[in-house]
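# Coordinate inspection notes
Spelled out, the chains give:
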Amino acid sequence: MAAFTLNLDRKILPTLVTCGKFDGSHACLAVATSSGNVLIHSPHRQLPTDINETPEDSLEKRLKWNGELAELQIGKQVLSLCTGRLTEDERDILLIGTLTHILAYQVEENADLFYKNIPDGVYSITIGKLSWLSNQVTVIGSNCSITILDGEGNEIFWTIMGGIVTSLAIFDFDGDGESELLTGTEDCEIKVFKADVILWEIKETAPVTALLALPGRQFAYVVDNGTVGIYESGQRLWRIKSKHKVVSIRSFDVNGDGKLELVTGWSSGKMDARSCVTGDVTFRIQLNAGVAGIVEADYRRTGRPDLVIVSIVGEVRGYGAGLMISTPEPGELIRKFIAKKQALLMELRQRGANFQNYLGSKLAVNMFPGKGAVRLALAAGPGLLIYCVIVFAEGVFEGETMVVHPNRPEEELEIELKPDDNMTVDIHVKVCVGTANTDLYQVFEIVRQLPQFCMYEIISRPENLSEEFKNCGVVFEISERLKRIALWLNQSFLLTKEFDVPDEGPTAGFIEFWLRGMRDSYIHCIRASASGKASLQTEDMNFAGDVIQSLATYLGIQELGSEARFPIEELKLCKALERVKGLREVDARLQADAAGDSTLLKNLVIRLEDARILNDVEGMKKRLLQLKNVNSDLMRENEIRTNSSRELASTLRELNVGVRKASRLRVGRASTNTISRCRTAIQDENPKALIQALQNG
């Protein structure tokens, strides 16, 4: 049973729901509405004590109260909301992120704390204390970058990311008693940062949309394909997947046993609570509309927080800890009993069957690259046929599972696997094998692992190499035995036979490893010598970065510099930098024109009002016509400015992605220096400095 219910009578945007104590003691809801404003609901708001406040003072304030509700007009699309404390003041501040800026608003004083332009957009915000900084800070997730601001809005940290940063969390990942920064991005990556160092990272199968810190070095994550799960110390405990999308997650003691459950709000309106250890459902309810957000707040002032659920139509429900009683859905028990009956009947049938034909049966399994993909070859034992194969692999198939059911049972079957990205993938295979004309099968369960670079096949040295290929690549030094590099090659690539460093002959003490990408047919060459010189010749900057990061992780290298040459990428980034310069000039000119038109508009309104007072009909017509023309100009300029802003954001993202590629060609301090030098070159609009930073770090 809900402890309380109310209705805000507004359309609420999904995920844009937060809660804070803006006066230091009373919990208030803050939500973003479909009209682009921020609505604040305060059920215990104290009436203003300033009896001398004049109507003019009230008009100057941005936040207008109407009973328990107040609406803050933003004027731009709201992308993110957050509450917290940046100073010793007990009152929470409200942080609002848009496509162009972040606003820190002091609700109780009805005033801005700071306002800062963020050209990359504010897609996620969090407030907290990080181990490498001395005070509470604001962390902003943007388009391919992360920015950290102090309590006054000054930038104190910036780094590059691979995509839009859609989620942030602050928690102790490594158990040292200090908090690290957890990030989730649109390019499906989850990373843990400690200053400039990446402590841990993993790739998911879809954009990461939400992260939540939990006790005991656990954190929950949400993926855009309807997946929610929990990691502990970098190992996944469990995950579940639904056809509906997860909107919000929160930890709360639902059943009052002293242990937190993971509460999940879904786009379908369902809200469920699961055990953080097993993922089993302990509580479930269904709202009349999709969930917009879930927060924890003492909304009834009982001294204990309630779980507050907000739907997209403005319905608000509150549940107290330990007061939630799960009621089974209609027909749920019947469905369970029917499923149990079917399982028992199948077991009874199998116990009475004759399995003599399956004694000693085997299944041969082999994986090898060929025909533009990884081939999974299966062969049944003598007298047996393959009826069905179920392959489960994250990020390989749409939906993560593929069922192969040949029209006729076959003795041998070959399945094509094409991972989209360079990442290690666990393959779970179930093969149904049986004799001819049978309806009872023996099921073989197989687990294999696709290496990170399984989509690259070994080739001999090509005879004709283009000049572009010869001029591209990365050169670096590693003080490591060639045998260990050979071990990394055997582990990271799908080889038909084990690679070893020759001890004799002209290639003794030297590695030359030629590859062809099966996705794009690009040629690559990895070389290493006993003297420590190593190089990677390739035109693919992404592949070069993946190889260097993988090699550094395997060998435990903390610092690695390199010299890189990628003329096509360098030219592309220089052109992007020129576009940014031109777009910024256009934006400045449009802003000046808009300011002039706005002043003219105000003057025309005043003259129109004067003509109305004087009953000057002709003058009114003239001013109205002028107003119409100026308004049309403003609308046209606004459309041009909007398109220009979109193009600028897209170009900045292209630059940030290029900088990230360059940083992945180095490890440790060299990578950080590359990012810093590239950013300075972009800010100074200096293409020569940008190219030099890309090449030398």
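Computed from a prediction, not measured in an experiment: that's the story for all the values here.

So, how was this worked out
Residues numbered from 1 in each chain as written. Predicted model: local features only at pLDDT ≥ 70, side-chain atom pairs only at ≥ 80, totals over all residues. Heavy atoms only, no water. Helix = DSSP H or I, 4+ residues; strand = E, 2+ residues; numbered from the N terminus. Buried < 20%, exposed > 50% of the residue type's maximum accessible area, 1.4 Å probe, protein only. Contact = heavy atoms within 4.5 Å. Pairing = 2+ DSSP bridges. Axes fitted to C-alpha atoms, helices over the stretch in contact; angles between N-to-C directions. Salt bridge = Lys/Arg side-chain N within 4 Å of Asp/Glu carboxyl O. pLDDT = per-residue confidence, 0-100. Core = buried A, V, L, I, M, F, W, Y, C linked by side-chain atoms within 4.5 Å. 1 Å grid on protein atoms, 1.4 Å probe; cavity = no way out; pocket = protein on both sides within 12 Å on 5 of 7 lines; lining within 4 Å. Points joined across faces, edges and corners; volume = space filled by probe spheres on them. Nonpolar A, V, L, I, M, F, W, Y, C, P; charged D, E, K, R; others polar. Parallel < 35°, antiparallel > 145°, perpendicular 65-115°, else oblique.

Bringing the overall build of the protein chain into the picture now. When helices and strands are counted, the protein chain shows nine helices and 40 strands. Taking the principal axes of its C-alpha atoms as reference, the protein chain extends roughly 100 × 70 × 55 Å. Counting over 697 residues, the protein chain shows a buried share of 49%. Restricting the contact set of the protein chain to residue pairs at least 6 apart, pairs at least 24 apart contribute 54%.

What follows is about the sheet that holds strand E3 (residues 28-33). Ordered by their spatial adjacency, five strands build an open sheet running E2-E3-E4-E6-E5, and the pairing between neighbours is antiparallel. If you trace the sheet from one side to the other, it starts and ends with strand E2 (12-20) and strand E5 (63-66), each paired once. Averaged over neighbouring strand pairs, the angle between their axes works out to 20° when direction is ignored. Looking at chain direction, strand E4 (residues 37-41) and strand E6 (residues 69-73) are connected through five bridges and run antiparallel. If you follow valine 38 over to E6, its bridge partner there is leucine 72.

Bringing the pattern of salt bridges into the picture now. According to the stated counting rule, one finds 39 salt bridges in the structure shown. Across the pair aspartate 224 and lysine 245 runs a salt bridge whose closest N-O atoms are separated by 3.5 Å. Separated by 21 residues along the polypeptide, aspartate 224 in the loop between strand E18 (218-223) and strand E19 (227-232) and lysine 245 in the loop between strand E20 (235-241) and strand E21 (246-252) bring together distant segments of the chain. Residue classification places aspartate 224 among the partly exposed residues on the basis of a relative accessible area of 31%. Overall, the relative accessible area of 43% leaves lysine 245 in the partly exposed class. For arginine 375, the salt bridge goes to glutamate 414, with nearest N and O atoms at 3.1 Å. Remark: glutamate 414 occurs in strand E32 (residues 412-417) and arginine 375 occurs in strand E29 (residues 373-380); sequence separation between them is 39 residues. For arginine 375, a relative accessible area of 9% corresponds to the buried category.

To continue, consider the sheet that holds strand E15 (residues 189-194). The antiparallel open sheet is built from six strands, whose spatial order is E11-E12-E13-E14-E15-E16. Of all the strands in the sheet, the pair left with one neighbour each is strand E11 (124-129) and strand E16 (197-203). Averaged over all pairs of adjacent strands, the angle between strand axes in this sheet comes to 35°, irrespective of strand direction. Packed on one face of the sheet, helix H7 (residues 617-663) meets strand E12 (136-149), strand E13 (155-171) and E15 and runs near 100° to E13.

At cysteine 188, a residue that is not glycine, the phi angle is positive and equals roughly 75°. Among the secondary structure elements, cysteine 188 is positioned in the loop between strand E14 (180-185) and E15. Unusually for a residue other than glycine, asparagine 437 sits at a positive phi of about 60°. Looking at the element boundaries, asparagine 437 is found in the loop between strand E33 (425-434) and strand E34 (442-450). Judged by relative accessible area, which is 81%, asparagine 437 ranks as exposed.

Summarising the model, the protein chain shows a mean pLDDT of 88, and 95% of its residues fall at 70 or more. Low confidence marks residues 49-60, where pLDDT is under 50. Its contacts with residues over four positions away, or in another chain, come to four contacts.

So, about the pairing of strand E28 (residues 363-370). Across eight bridges, E28 lies against E29 in antiparallel orientation. Directly across from methionine 367, in E29, lies its bridge partner leucine 376. Hairpin geometry of E28 and E29 is characterised by an intervening segment of two residues between the two adjacent antiparallel strands and by a positive phi of about 55° at lysine 371.

Next up on the list: the nonpolar core. Counting 55 residues, the largest nonpolar core has Ile478, Phe493, Ile511, Phe513, Ile526, Leu655 and Leu690 as the members making the most contacts within it. Of the residues forming this core, the biggest block, eight residues, is contributed by helix H5 (residues 541-555). In this view, phenylalanine 493 contacts Pro451, Phe453, Tyr456, Trp488, Phe513, Leu515 and Ile526; residues no more than four positions away in its chain are not counted. In this structure, Leu378, Ile386, Val391 and Val431 belong to the second largest nonpolar core, which totals 29 residues.

Take empty space enclosed by the protein next. For the structure shown, the criterion picks out two cavities of 30 Å³ or more. Contributing to the lining of the largest cavity are 13 residues, with Phe476, Ile526, Arg527, Ala534 and Leu551 lying nearest its centre. Those elements that provide at least two residues to the lining of the largest cavity are helix H4 (482-492), strand E38 (523-529), strand E39 (533-537) and H5. Looking at side-chain class alone, the lining of the largest cavity contains eleven nonpolar, one polar and one charged residues. Taken as a whole, the second largest cavity spans an internal volume of roughly 40 Å³. If you go around the second largest cavity, the residues you meet are Met541, Ala564, Phe566, Glu569, Glu570, Leu573, Leu694 and Gln695. Looking at the lining of the second largest cavity, the elements that each hand over two or more residues are helix H6 (567-613) and helix H9 (687-696). With three residues, the single largest contributor to the lining of the second largest cavity is H6. Residues that form the lining of the second largest cavity fall into these classes: five nonpolar, one polar and two charged.

Direction vectors running N to C along helix H8 (residues 669-683) and H9 enclose 170°, while the axes themselves pass 8 Å from each other. It follows from the interaxial angle that H8 and H9 lie roughly antiparallel. Judged by residue contacts, Thr674, Arg677, Cys678, Ala681 and Ile682 of H8 engage Ala689, Leu690, Gln692, Ala693 and Leu694 from H9. Along the lines of polarity and charge, the residues of the contact of H8 with H9 split into seven nonpolar, two polar and one charged.

Quick look at the side chain of aspartate 587 now. Structurally, the position occupied by aspartate 587 is in helix H6. Those residues in contact with aspartate 587, other than ones at most four positions away along the chain, are Arg641 and Ser645.

A separate point is the environment of histidine 44. Here histidine 44 lies in the loop between E4 and helix H1 (55-60). Its relative accessible area of 24% is what places histidine 44 among the partly exposed residues. The contacts of histidine 44, once residues within four sequence positions are left out, are His26, Tyr299, Arg300 and Arg301.

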